[in-house]
Amino acid sequence: MVKKKYQPVHPGQVLLEDFIIPQHLSQVELARKIKVPIQRINTLINGKRDMTPETAILLARFFKNTPEFWMNLQAQRDVAIAKEKMTRNKKSEAHV
């Protein structure tokens, strides 16, 4: 059986599914409450923007968790993507 590798979820997906939806918030409401442009929340949720330390701090203050929670989600994803990329590069070098 081939073992499938799954990438850790994007922090924006966690934000949406575990925080925004359960608390019945809209993206606009969250953006207003933490005083950031709506585009920052929207692009984060859509996986087009990575979590930044500043956004992590603002989200942690609002949701009463820690900036490290948010940054660890990003770090886990970054490491998984880097490993995958390095594995692909290693395989392509072997075929040269």
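Above this text sits the structure in question.
Nothing here was measured: the structure is a model prediction, and the numbers come from that model.

Caption draft 1: Examining unusual backbone geometry more closely. Positive phi, normally seen in glycine, also occurs at His24, with a value near 55 degrees. Considering the arrangement of structural elements, one finds His24 in the loop between helix 1 (11-20) and helix 2 (27-34). The exposed category is assigned to His24, whose relative accessible area is 70%. Positive phi, close to 60 degrees, is recorded for Lys64, a residue that is not glycine.

Caption draft 2: Seen up close, the nonpolar core. Counting residues in hydrophobic clusters, the biggest one holds 20 residues, and the most contacted among them are Leu15, Leu30, Ile41, Leu59, Phe63 and Trp70. When residues in this core are grouped by element, the largest group, five residues, is from helix 4 (residues 53-63). Leu59 has contacts with Leu15, Leu30, Ile34, Leu44, Met51, Lys64, Asn65 and Trp70, leaving out every residue within four places of it along the chain.

Caption draft 3: Looking closely at helix 2. For helix 2, the complete set of buried residues consists of Leu30, Ala31 and Ile34. Each buried residue of helix 2 sits inside an arc of 100 degrees when the element is viewed along its axis, so together they form one side. More than 90 degrees from the buried face of helix 2, the exposed residues found are Arg32 and Lys33. Elements in contact with the buried residues of helix 2: helix 1, helix 3 (38-45) and helix 4. Once helix 2 ends, the next one or two residues include Lys35, with phi positive near 60 degrees.

Each value, and the rule that gives it
- Within every chain, residues take consecutive numbers counted from 1 along the sequence as written.
- Two thresholds apply to this predicted model, a pLDDT of at least 70 for residue-level local features and 80 or more for giving and counting side-chain atom pairs, whereas whole-chain, interface and lining totals are computed over all residues.
- The side-chain quantities take in all heavy atoms of the structure and omit both hydrogens and water.
- By the criteria applied, helices consist of DSSP H or I runs no shorter than four residues and strands consist of E runs no shorter than two, each listed in order from the N terminus.
- For each residue, the accessible area found with a 1.4 Å probe, counting protein chains only, is set against the maximum for its type, and the residue is called buried under 20%, exposed over 50%, and partly exposed in between.
- Nonpolar cores were defined as sets of buried Ala, Val, Leu, Ile, Met, Phe, Trp, Tyr and Cys residues, with membership established by side-chain atoms within 4.5 Å.
- By the convention used here, residues are in contact when the closest approach between their heavy atoms is within 4.5 Å.
- The arc refers to the directions leading from the helix axis to the C-beta atoms.

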